[in-house]
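# Summary of structural features
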Amino acid sequence: LLVCTRDRADSLAATLASITRAVTQAGALTIEVVLVDNGSHDATPQVLAGWAAAQGFPVHLLHEPRPGLARARNRALAAAYGRIVAMTDDDCVLHTGYFPGLARAFAGGEPAIVGGRILLGDPADLMVTVKLEDHPMEAPAGGFPGGFVMGANLAFTADVGARVGPFDERFGAGAPFVAAEDTDFLFRAQRLGIPLRYDPGFVVDHHHGRRLVAEETRLLAGYGYGDGALYAKHWRDPRTWRAILRDVTDLRRDLTDPARAHAGIRAFHTFRLRHKARGFVAYWRHRLRASA
């Protein structure tokens, strides 16, 4: 299990305690935890060290001083030795049956990526960054995988990581393109024929803390921006052009069937496409500067 964190000293205890509880319910499974401090400026390193010292299972403490979730995840991946590699965020709480549920999701033994269920941790938070479906699903190989599963509860067999390669460090929190590092990983994996599935059998509660409409709006703008940069990176792929066509076609829904789930956004599909266009342009500017 990989957990990357930065400046979470005040809230990290809940995540760490849930890992301890889940490991006690793991039965005969062998669990290894890899924790990466991504350049914290608060007491996060001390919190991690104190927790690690009290555990009866292997815990590896690592430090990645350069900010960026993708960088931190790559640092963690390089130190992971398990047959199944799982990851969650530092504001998530594992359910006690997490590890047996995870093992069942990979019972077939073949290379695969599987995302788990993500519930809202606090009813006062807005209903975003959750995955609520209660039935297994498999993503179509020719589709765009964004949103099908999420990095807050994601796992894959170790051979998948070796085949797909590292997370693209230009994407994700703390990086130029702010999001979509997980979608990029999934996109590349599907290109290799690796199946992508969702299984509700391993669950986390997400305590994301966003309660203001403006916070949700910024989050969704960032998701669009990251997806647009991802379109630019993979612009030769037919899946990208199918996704762009769907985005353009969806614009009419702002008139015929407007989305009402996001109070701060009047024309949701227009909003999303505008930020994707920003990300698309920003990716090419970034690439041109890098090659100059």
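Before reading on, note that the structure itself is shown above.
This structure is a prediction, so every number in the text was calculated from the model and none was measured. (Residues numbered from 1 in each chain as written. Predicted model: local features only at pLDDT ≥ 70, side-chain atom pairs only at ≥ 80, totals over all residues. Heavy atoms only, no water.)

### Side note on the overall build of the protein chain
- When you go through the protein chain residue by residue, the secondary structure sums to ten helices and nine strands.
- For 292 residues, the compact-globule formula gives about 19 Å, and the C-alpha radius of gyration of the protein chain, at 19 Å, lands near that figure.
- Summarising its shape, the C-alpha atoms of the protein chain cover approximately 55 × 45 × 40 Å along the three principal directions.
- Across the 292 residues in the protein chain, those meeting the buried criterion constitute 51%. (Helix = DSSP H or I, 4+ residues; strand = E, 2+ residues; numbered from the N terminus. Rg over C-alpha atoms; globule rule 2.2 N^0.38 Å. Buried < 20%, exposed > 50% of the residue type's maximum accessible area, 1.4 Å probe, protein only.)

### Some remarks on the packing of aromatic side chains
- By the definition in use, this model includes twelve aromatic pairs.
- Between Phe-167 and Phe-185 the ring centres are 4.7 Å apart and the planes differ by 25°, which places this aromatic pair in the stacked class. Placement of Phe-167 in the loop between helix H5 (158-164) and helix H6 (181-191) and of Phe-185 in helix H6 is noted, with a sequence separation of 18 residues between them. One exposure class covers both Phe-167 and Phe-185, and it is buried.
- With a centroid separation of 5.7 Å and 40° between ring planes, the pair formed by Phe-177 and Tyr-283 is classed as tilted. One end of the pair, Phe-177, is in the loop between H5 and H6; the other, Tyr-283, is in helix H10 (residues 268-291), and 106 residues separate them in sequence. Here Phe-177 matches Tyr-283 in class, with each residue buried.
- Members of the aromatic cluster, connected to one another through ring pairs, are Phe-171, Phe-177, Tyr-225, Trp-235, Tyr-283 and Trp-284.
- The ring of Phe-148 has Lys-131 sitting right over it, with the charged end atom 5.4 Å from the ring centre. (Phe/Tyr/Trp six-rings, centres within 6.5 Å; stacked < 30°, edge-to-face > 60°. Lys NZ or Arg CZ within 6 Å of the ring centre and 35° of its normal.)

### Regarding helix H3 (residues 69-77)
- Buried within H3 are the following residues: Ala-70, Ala-72, Arg-73, Asn-74, Ala-76 and Leu-77.
- Considering only its buried residues, H3 is in contact with strand E1 (2-5), strand E2 (33-37), strand E3 (59-63), strand E4 (84-89), strand E8 (153-157) and H6. (Contact = heavy atoms within 4.5 Å.)

### Some remarks on the pairing of E4
- Along E4, five of the six residues are buried, which leaves the element largely enclosed by surrounding structure.
- For E1 and E4, the ladder comprises three bridges, and the chain directions are parallel. Counterpart to Leu-2 in the pairing with E4 is Met-87. (Pairing = 2+ DSSP bridges.)

### Quick look at the nonpolar core
- Core analysis: the biggest nonpolar cluster contains 31 residues, and Ile-19, Trp-51, Tyr-98 and Phe-99 have the highest contact counts within it.
- Of all elements in the fold, only helix H1 (12-24), E2, helix H2 (44-53), strand E5 (92-94), helix H4 (98-105), strand E6 (113-120) and strand E9 (196-206) reach the threshold of two or more residues within this core.
- For this core, the element with the highest residue contribution is H1, accounting for five residues.
- Discounting chain neighbours no more than four positions away, the residues touching Ile-19 are Leu-1, Val-3, Val-33, Trp-51, Phe-57, Leu-94 and Phe-99.
- Among the nonpolar cores identified, the runner-up in size contains 27 residues, and Leu-62, Phe-148, Leu-154 and Val-160 belong to it. (Core = buried A, V, L, I, M, F, W, Y, C linked by side-chain atoms within 4.5 Å.)

Function-wise, these values are silent; they only describe arrangement.
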